[in-house]
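Secondary and tertiary structure notes
The residues making up each chain are set out below.
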Amino acid sequence: MTASAVEQLRKEGNELFKCGDYEGALTAYTQALGLGATPQDQAILHRNRAACHLKLEDYDKAETEASKAIEKDGGDVKALYRRSQALEKLGRLDQAVLDLQRCVSLEPKNKVFQEALRNIGGQIQEKVRYMSSTDAKVEQMFQILLDPQEKGTEKKQKASQNLVVLAREDAGAEKIFRSNGVQLLQRLLDTGEADLMLAALRTLVGICSEHQSRTVATLSVLGTRRMVSILGVENQAVSLAACHLLQVIFDALKEGVKKGFRGKEGAIIVDPARELKVLISNLLELLTEVGVSGQGRDNALTLLIKAVPRKSLKDPNNSLTLWVIDQGLKKILEVGGSVQEPPGELAVTANSRMSASVLLSKLFDDLKCDAERENFHQLCENYIKSWFEGQGLAGKLRAIQTVSCLLQGPCEAGNRALELSGVMESVMALCASEQEEEQLVAVEALIHAAGKAKRASFITANGVSLLKDLYKRSEKDSIRIRALVGLCKLGSAGGTDFSMKQFAEGSTLKLAKQCRKWLCNDQIDAGTRRWAVEGLAYLTFDADVKEEFVEDEAALKALFQLSRSEERSVLFAVASALVNCTNSYDCEEPDPKMVELAKYAKQHVPEQHPKDKPAFVRARVKKLLEAGVVSAMTCMVKTESPVLTSACRELLSRVFLALVDEVEDRGTVVAQGGGKALLPLALEGTDVGQTKAAQALAKLTITSNPEMTFPGERIYEVVRPLVSLLHLNCSGLQNFEALMALTNLAGISERLRQKILKEKAVPMIEGYMFEEHEMIRRAATECMCNLAMSKEVQDLFEAEGNDRLKLLVLYSGEEDELLRRAAAGGLAMLTSMRPSLCSRVPRVTTHWLEILQALLLSPNQELQHRGVVVALNMVEASKEIAGTLMESEVLEILSVLAKGKESPVRRAAAACLGKAVEYGLIKPNRDGE
């Protein structure tokens, strides 16, 4: 019984493998192994699992499974060959060649093995040649770079460039590493010369990239403290290069934690989890070190944001986050509570506080239970109290600044901090201070607090008059602009609801006009002008403000210039204003019955502003496109800053989707780089943001040439976002547009079709072929027909026990002409590529002949041509099928078609009759036709 069960599961696995379901096949083989298979069966099952892993591109597991098969049966030539394939992909050519030599000795006449051995032999020779020629080069490069006589020469510059290029290839990086390269690079770093330090850091990136043992060796030579300290240098380019290197080191160490201390080269190394903590500990220390540059502090925060929180909440282990909160929360709050002007003892940039807020928010979101969150709150509150109580006015300002930082990040913690005794009262009192820096801190705290539901009513009651007074009477623009933003924030409480206006008629427009005036004033510093954008982000809920804003070319130009500036904290406000202007926020239409009930009950009913109707929105989109909004947004997407949060990315995705809504606007979006910008938005961010960006990509792919819109390798990156739109949680329109876009891609090249298959799109596309909505059903059928050019899809149609072919035959007889055309096209191609399917057509449905005749008689030339090609394929496939066709009305129809005007239809019909004559089923007429 066990043997038969093993055999049955093995056969099931083989069928699943043929159909391209490699995960399913793996499961079947695993189940069979668990049933106590014989050693011979175990060898077969392990080698089959190796084949699955090869297809799934998991080469480590493929090698392991093949090795298990070889342990059971040393002469298993298939297992040896599969292991050689895995080893080759892993870069272990010397081991791969041994397996191939064994394969050739076991089967000397096997041409596949001979060819593979020749190829790998060539690769090894090339590698040996490369390595021997590189030895002398590496030594020469370091001699030039470390020669004090060569200072600043072109020769030195070229040597540094060559070293960086060499390190990008794994073989070159290995050669540098083995040539005492890390110690020599340390000497370059010690020179303190920016150019040499950049060359050293960029070379180290190549050495450490995806190579765990080299990474740990590099850290042990250079020292973790030394590496982190380079972040703090004044030279921005060097600090950024150090940041990139540390990110590569983090990635290598984290991969090591996942794989259980093994690198891709298979060497056992020290515990990477410990190295990771040492690195993070040093970054936390750097945050509060005096003498570190503001840029370096920002880079340290960026690294912590990327490295500490879990990538997915499905991962149960958040121990790293808990450790960072215990060890470094106070240090992060110290940066968040620092002021840029006047300079304090910690140097910070305009982006430092926002980066600290983002990190705090990420850490708080990564907590799993109330106890962990309560600990976070307590640590924050204790820190704020330590400054607020007994530290004088300077301490109070520091505490209030820290509360502002929390309100911009984990606002739940910020709200609790506001509730602390005396905090809110101090904020109100300091707003009236004579000192500008004190007023700035207090007004900003008031603004951030105004957006939080718990405090909004208190601030509306107590703060509006105070803010109005500051706006009217202050002589300092820096105070007036912030007071205005506070008023804007409170004034936008009604959102897009036209009937909920906080201020008197016209006041909102006046505030917006003042914001635009400040925005256009380039005499004011970028940090202050940013607040004007914050104000517009709130005021543009009002449709009258939107209309005036898009008409003001100078204001739009200033907005886009500011979005490209070093003031990165403006990004969210810019994106928010653009979402409002394009109405790309979610807005549900109220149920008419509920509206009537609300009116009857004298409840408030939201009203839409007349200028928020579709025609006005379309006109605003046109104005934004003319002003260059796409170029500005493309620059925003490229921003390497924590300020470009997932929420900010979602806003940009929403705007892009609004910009590509009209077909005639899509060319402009592509020309200004919109296609390139959408790809990262579709691959990273919130689920909603990724879906919106993917839908925008689908729209572009449908109406433009994908090879022009996404040149080079970029076109292959489009597939995954499009496939994500096929999931059932997406709307019917998103499903339809994804299918249309995938149809276009599937018609371009076999490599693109393979990418679509690899993303497991085929089962979903098949599911939509049964969809009730005719447009979705048709789009899925068209997509499947283009994919049918691939061997794997043809195998699916040819496999026994499925109704795929039947569905195509039946759809070829549907009333929907476009569906018929798609299905008949697929049928024509499949019967041409796989003649065995021709004999199955008569068996799938008794109506097959009627359907074929209807195609041949169709007035539509395309349908007729598809029908006659199907008939020709069936006639050529077998004499028996040809006889069935010649005995029916098909003969008469083909005879008429063969006498028509010169066309592909006539030629195919004549070829059918010619083949029937050859079979002896019919006789030629007197003219020999």
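Everything quoted here is computed from the prediction, not taken from an experiment. Each chain has its residues counted from 1, running along the sequence as written. Where totals are concerned, whole chains, interfaces and linings use all residues; where local detail is concerned, this predicted model gives features only for residues with pLDDT of at least 70, and gives and counts side-chain atom pairs only at 80 or more. With hydrogens and water excluded, all non-hydrogen atoms of the structure serve as input to the side-chain values.

**Regarding the overall build of the protein chain**
Under the scheme used here, helices are H or I runs from DSSP no shorter than 4 residues and strands are E runs no shorter than 2 residues, and both carry numbers assigned from the N terminus. The number of helices and strands found in the protein chain is 54 helices and 0 strands. Each residue is assigned to one of three classes by its accessible area relative to the maximum for its type, calculated with a 1.4 Å probe on protein chains only: buried under 20%, partly exposed between the two thresholds, exposed over 50%. A burial count over the protein chain gives 53% of its 929 residues as buried. In the protein chain, 68% of the contacts between residues at least 6 apart in sequence involve partners at least 24 apart. Computed by Shrake-Rupley with a 1.4 Å probe, the accessible areas treat only the displayed protein chains as cover when residues are assessed. Accessible surface for the protein chain amounts to roughly 43200 Å². Of this, 51% is attributable to carbon and sulfur atoms. By definition in these notes, contact holds between two residues if any of their heavy atoms fall within 4.5 Å.

**Examining the nonpolar core**
We define the nonpolar core as a collection of buried residues of types Ala, Val, Leu, Ile, Met, Phe, Trp, Tyr and Cys that are connected through side-chain atoms lying within 4.5 Å of one another. If you look at the biggest cluster of nonpolar residues, it comprises 249 residues, and the most contacted ones within it are Ile280, Phe656, Leu659 and Leu885. Per element, the largest residue contribution to this core is 10 residues, and it comes from helix α14 (residues 236-259). Taken domain by domain, this core gets at least three of its residues from each of domain 2 (515-625) and domain 3 (628-789). When near neighbours in sequence (up to four residues on either side) are disregarded, Leu885 contacts Trp848, Leu849, Leu852, Ala871, Met874, Val875, Val890 and Leu891. Each domain span listed reflects an automatic or database assignment of domains.

**Concerning the side chain of Ser563**
Note that Ser563 resides in helix α30 (residues 553-563). By relative accessible area, Ser563 is classed as buried at 0%. Residues within four places of Ser563 in sequence aside, it is in contact with Arg568, Val570, Leu571, Val574, Ala632 and Met636.

**Examining the UniProt feature "repeat: TPR" (unreviewed entry) in the protein chain**
UniProt positions are given in the numbering used here, feature names are shortened, and annotations may be inferred rather than shown by experiment. The sites that carry the UniProt feature "repeat: TPR" (unreviewed entry) are, in the present numbering, residues 77-110. End C-alpha atoms of residues 77-110 are separated by 11 Å, and the span's content is 79% helix alongside 0% strand.

**A word on the packing of helix α10 (residues 181-190) against helix α12 (residues 212-222)**
With axes taken as lines fitted to C-alpha atoms, and helix axes fitted only over the stretch in contact, angles between N-to-C directions fall between 0 and 180 degrees. The geometry of α10 relative to α12 is characterised by a closest axis approach of 10 Å and an angle of 50° between their N-to-C directions. Taken together, the axes of α10 and α12 are oblique relative to one another. Considering the relative orientation of α10 and α12, their crossing is right-handed. Within the contact between the two elements, α10 uses Val182, Gln183, Gln186 and Leu189 and α12 uses Thr218, Val221 and Leu222. Residues are grouped as follows: nonpolar covers Ala, Val, Leu, Ile, Met, Phe, Trp, Tyr, Cys and Pro; charged covers Asp, Glu, Lys and Arg; every other residue, Gly included, is treated as polar. Classifying every residue of the contact of α10 with α12 by side-chain character gives 4 nonpolar, 3 polar and no charged. Angles below 35 degrees are treated as roughly parallel, those above 145 as roughly antiparallel, those between 65 and 115 as roughly perpendicular, and all remaining angles as oblique. By definition, any crossing whose near helix is turned counterclockwise from its far helix by less than a right angle is left-handed, and any crossing with a clockwise turn is right-handed.

**Overview of the environment of Thr582**
By the element assignment, Thr582 lies in helix α31 (residues 571-582). Residue Thr582 is classed as buried on the basis of its relative accessible area of 3%. C-alpha separation for the pair Thr582 and Leu657, spaced 75 residues apart in sequence, amounts to 9.7 Å. The residues touching Thr582, leaving out its near neighbours within four places in the chain, are Val617, Val621, Leu624, Val655 and Ala658. Residues adjacent in sequence count toward polar contacts only when both atoms are side-chain atoms; beyond that, a polar contact is any pair of N or O atoms within 3.5 Å, and within protein one must be able to donate a hydrogen and the other to accept it. One polar contact links the side chain of Thr582 to the main-chain carbonyl oxygen of Leu578, over a distance of 2.7 Å.

**Description of the packing of α31 against helix α33 (residues 614-627)**
Where α31 contacts α33, the two axes come as close as 8 Å, and the packing angle between them is 135°. By the criterion of interaxial angle, the relationship of α31 to α33 is oblique. Every residue of α33 that contacts α31 at Leu578, Cys581 and Thr582 is listed here: Val617, Arg620, Val621 and Leu624. In terms of residue class, the contact of α31 with α33 is built from 5 nonpolar, 1 polar and 1 charged.

**Looking at the confidence of the model for the protein chain**
Residue-level confidence of the predictor is what pLDDT reports, using numbers from 0 through 100. When the pLDDT values of the protein chain are averaged, the result is 82; 88% of them are 70 or greater. Confidence over residues 260-269 falls short of pLDDT 50; this stretch has 22 contacts with residues more than four positions distant or in other chains. For the stretch residues 494-502, pLDDT sits under 50, and the model shows 21 contacts to residues farther than four places along the chain or on other chains.

**Some details on the side chain of Glu650**
Take Glu650: it is sitting in helix α35 (residues 646-659). Excluding its chain neighbours within four sequence positions, the residues that come into contact with Glu650 are Thr686, Val688 and Gly689.

**Examining the pattern of salt bridges**
We define a salt bridge as a contact between a side-chain nitrogen of Lys or Arg and a carboxyl oxygen of Asp or Glu at a distance within 4 Å. Counted according to the given criterion, the structure contains 43 salt bridges. Glu547 is paired through a salt bridge with Arg620; the nearest N and O atoms lie 2.7 Å apart. Placement of the pair is Glu547 in helix α29 (residues 543-551) and Arg620 in helix α33, with a sequence separation of 73 residues. Of the two residues, Glu547 and Arg620, neither departs from the other in class, the shared state being buried. Glu902 is the partner of Arg907 in a salt bridge, and the nearest nitrogen-oxygen pair spans 2.4 Å. On the accessibility criterion, Arg907 (47% relative accessible area) is partly exposed. Judged by its relative accessible area of 53%, Glu902 falls in the exposed class. Several salt bridges share partner residues, and in doing so they unite Lys791, Asp795, Glu798 and Arg834 into one network.

**Considering helix α47 (residues 804-811)**
The complete set of buried residues in α47 reads Leu805, Leu807, Leu808, Val809 and Tyr811. Among the structural elements, α45 (774-787), α46 (791-798), α48 (817-833), α49 (841-844) and α50 (848-856) are those in contact with the buried residues of α47.

**Quick word on α10**
Three or more residues of α10 are buried, namely Gly181, Val182, Leu184, Leu185, Leu188 and Leu189. Projected down its long axis, α10 shows its buried positions confined to an angular sector of 160°, all on one face. Taken from the residues just after α10, Gly192 is the one with a positive phi, measuring 75°. The directions from the helix axis to the C-beta atoms are what the arc is built from.

**Let's talk about unusual backbone geometry**
One non-glycine residue, Glu57, lies in positive phi territory at about 65°. Considering the arrangement of structural elements, one finds Glu57 in the loop between α3 (39-55) and α4 (59-72). Look at Glu57 and you get partly exposed, because its relative accessible area is 43%.

**Details of the packing of aromatic side chains**
Paired rings are identified among Phe, Tyr and Trp, the last through its six-membered ring, by centres lying within 6.5 Å, and are further divided according to the angle between planes into stacked (under 30 degrees), edge-to-face (over 60) and tilted (the rest). In total, this model carries 3 aromatic pairs according to the counting rule given. Centroid distance Phe17 to Tyr22: 5.1 Å. Interplanar angle 65°. Geometry classified as edge-to-face. By relative accessible area, which is 24% here, Phe17 ends up partly exposed. The class of Tyr22 is buried, set by a relative accessible area of 16%. Distance and angle both matter: a charge sits over a ring if NZ of Lys or CZ of Arg is within 6 Å of the ring centre and within 35 degrees of the ring normal. Between the NZ or CZ atom of Lys396 and the centre of the ring of Phe388, over which it lies, the distance is 4.8 Å.

**Quick look at the environment of His773**
Along the chain, His773 falls in the loop between α44 (762-768) and α45. For His773 and Phe736, which are 37 residues apart along the polypeptide, the C-alpha to C-alpha distance reads 9.7 Å. At 3.2 Å, the side chain of His773 forms a polar contact with the backbone nitrogen of Met775.

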